[in-house]
Amino acid sequence: MMHSPRSPRVMQQSSNSRDYFNIDILQNPVPTVESLDKAIEMQKIRTQNTTEESAKKREMDILVKLRKKKHDLQNNGSDSSSETLDTTINILGHTLVKSSELSGYCSKCAGAIYRRIKTAYTCSACHVILHKACINEVSRRCSLANKDTLTLMCRIAPAHGLHEQNYCCYDCGTEISYSSTKVHTCDYNGRYYCQECHKKTLHLVPARVIHNWDFKPRQLALQSQEVISFLTDKEYLNIENLNPQLFDSVSVMNQLRDLREKIILYKAHFVQCSRALREGVFLKLKSRQHFIDTSKLYTIRDLVEAQNGTLFPEIKAVIEDYQKHVEGCETCSNQKFLCSVCESPPFISPF
């Protein structure tokens, strides 16, 4: 005899009743992992056997809360015997600061970090995020703590010998040797890394862009990639000092220099025009405010977009908008001057 028709009715009846066990578990400030496992299994059955849409959503919400509570218990080590960590911790160059507003994934264990978890920490320099329990397992140094690494943005790294690193990974300090297949060289700084700190991923090298206009991706260590990614929009480079020949050999850079000099010329007149300030003409370059301050500084992002052809049309469109303002503005269009050599008419417009 088959009794399968009876089981669904029993399960359905159970799913329509209120399960106070799971509610108590959620309200319990210190549940055990075993009790949470039991509650999660029970809640799975209730969710699967609930057919009404709004009720199923409520059951799903309870299941998610149970799983989150179990995850928090496992990752945050809520036992009272554990040592209380300070709000600021210094380890391997990282300055880890406790925050309750972090969300994302732990850089060590890849586990989820939910907002408002008090025992999550982030480095104030490289912004790595860690669980409290993972802090003592960190092996990689802060990528922004090494000043020598930062200076290589503008200088092609020389070749180094592994003996200069005492035959250890330049990041985590793991012992390595030339004979090992797990040793990888970083093109950014010429140093040697283990396979955990160097995944052989490709990235452009800023110094090669500046000196050779070379955008070919090369194998970089994770440490170097973090440095470049962090400084792409923050490091301002005076290309005329670093490589003045670049403007002669790369036509788009020469054209950009001319446009940027015009921006500085427009700026000198717009600061005296109340209409220009009301219209917010300088906000047209809000993502590149250094273009308004000077004509000489570039970021790595500027150089990349100059090479791929997106920067020049953008700046040219801004210049055209500036010219339209001048032509339609009485204050700006009347700014004319006598020739500084002959000091006689006709008047000369700077635009």
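Treat the numbers as computed from the prediction; the structure is a model and nothing was measured.

Caption draft 1: Layout of the overall build of the protein chain. On a plain count of helices and strands, the protein chain comes out with 15 helices and 12 strands. Residue burial in the protein chain is summarised as follows: out of 351 residues, 38% are buried. Put simply, 57% of the contacts in the protein chain that link residues at least 6 apart link residues at least 24 apart. Taken as a whole, the protein chain presents about 20400 Å² of accessible surface, with 52% of it coming from carbon and sulfur.

Caption draft 2: Quick look at unusual backbone geometry. Positive phi outside glycine occurs at Asn166, with the angle close to 55°. Structurally, Asn166 is set in the loop between helix H5 (147-151) and strand E7 (184-185). Overall, Asn166 belongs to the exposed group, its relative accessible area being 61%. Within the chain, Lys200 stands out as a residue other than glycine whose phi angle is a positive 60°. Residue placement: Lys200 occurs in the loop between strand E8 (192-193) and strand E9 (201-203).

Caption draft 3: Looking closely at the packing of helix H10 (residues 251-270) against helix H14 (residues 311-328). At a minimum axis distance of 10 Å, the contact between H10 and H14 shows a crossing angle of 30°. It follows from the interaxial angle that H10 and H14 lie roughly parallel. Relative to H14, the crossing made by H10 is left-handed. Along the contact surface, H10 presents Val252, Gln255, Leu256, Leu259, Lys262, Ile263, Tyr266 and Phe270, while H14 presents Leu311, Phe312, Ile315, Lys316, Ile319, Tyr322, Gln323, His325 and Val326. Tallied by class, the residues present in the contact of H10 with H14 amount to 12 nonpolar, 3 polar and 2 charged.

Caption draft 4: Fine view of the pattern of salt bridges. By the definition in use, this model includes 14 salt bridges. In this structure, Lys284 and Asp321 form a salt bridge, with 4.0 Å as the shortest nitrogen-oxygen distance. You can see Lys284 sitting in the loop between helix H11 (274-279) and helix H12 (290-293) and its partner Asp321 sitting in helix H14, a full 37 residues away along the chain. By relative accessible area, which is 41% here, Lys284 ends up partly exposed. A cluster of three or more residues bridged by salt bridges with shared partners is formed by Asp233, Arg288, Arg301, Asp302, Glu305 and Glu314.

Caption draft 5: Structural view of the side chain of Arg218. In this structure, Arg218 sits in strand E10 (residues 218-220). Here Lys216 takes part through its backbone oxygen, which lies 3.2 Å from a polar atom of the side chain of Arg218. Once residues lying within four places of it in the same chain are set aside, the contact partners of Arg218 are Asp187, Thr201, Leu202, His203, Val205 and Arg208.

Caption draft 6: Layout of helix H3 (residues 33-48). With 16 residues, H3 ought to run about 22 Å at 1.5 Å a step, and its terminal C-alpha atoms sit 23 Å apart, in line with that. Ser35, Leu36, Ala39, Ile40, Gln43, Arg46 and Thr47 are the residues of H3 that are buried. In an axial view of H3, the angular spread of the buried residues amounts to 135°, which keeps them on one side of the axis. Along H3, the residues that are exposed and aim more than 90 degrees away from the buried face are Glu34, Lys38 and Gln48.

Caption draft 7: Structural context of the nonpolar core. Formed by 71 residues in total, the largest nonpolar core has its most connected members in Leu96, Tyr188, Met253 and Phe270. Here the element with the most residues in this core is H10; it accounts for 7 residues. Of all hydrophobic cores here, the second largest spans 7 residues; its members include Leu36, Ala39, Ile62 and Leu73.

Caption draft 8: Just H14, in detail. With 18 residues, H14 should reach 26 Å at 1.5 Å per residue; the first-to-last C-alpha distance of 26 Å fits that figure. Of the positions making up H14, those classed as buried are Leu311, Ile315, Val318, Ile319, Tyr322, His325 and Val326. On an axial view of H14, the arc spanned by its buried residues comes to 115°, and they lie on one face. Residues of H14 that are exposed and angled more than 90 degrees away from the buried face: Lys324 and Glu327. Of the surrounding elements, those touching the buried residues of H14 are H10, H11, H12, helix H13 (300-307) and helix H15 (330-333).

Caption draft 9: Focus on the packing of aromatic side chains. Inspection of every chain in the model, using the stated rule, returns 8 aromatic pairs. When the ring of Phe291 is compared with that of Tyr298, the centres are 6.3 Å apart and the planes differ by 70°; the resulting orientation is edge-to-face. The exposure class of Phe291 is buried, given its relative accessible area of 0%. Ring-pair connections join several aromatic residues into one group, and the members of that group are Tyr266, Phe270, Phe282 and Tyr322.

Calculation rules
- Residues numbered from 1 in each chain as written.
- Predicted model: local features only at pLDDT ≥ 70, side-chain atom pairs only at ≥ 80, totals over all residues.
- Heavy atoms only, no water.
- Helix = DSSP H or I, 4+ residues; strand = E, 2+ residues; numbered from the N terminus.
- Buried < 20%, exposed > 50% of the residue type's maximum accessible area, 1.4 Å probe, protein only.
- Contact = heavy atoms within 4.5 Å.
- Areas by Shrake-Rupley, 256 points an atom, 1.4 Å probe, with all protein chains shown as cover.
- Axes fitted to C-alpha atoms, helices over the stretch in contact; angles between N-to-C directions.
- Parallel < 35°, antiparallel > 145°, perpendicular 65-115°, else oblique.
- Left-handed = near helix turned anticlockwise from the far one by under 90°.
- Nonpolar A, V, L, I, M, F, W, Y, C, P; charged D, E, K, R; others polar.
- Salt bridge = Lys/Arg side-chain N within 4 Å of Asp/Glu carboxyl O.
- Polar contact = N/O pair within 3.5 Å; in protein donor to acceptor, adjacent residues only side chain to side chain.
- Expected span 1.5 Å × (residues − 1).
- Arc of directions from axis to C-beta.
- Core = buried A, V, L, I, M, F, W, Y, C linked by side-chain atoms within 4.5 Å.
- Phe/Tyr/Trp six-rings, centres within 6.5 Å; stacked < 30°, edge-to-face > 60°.

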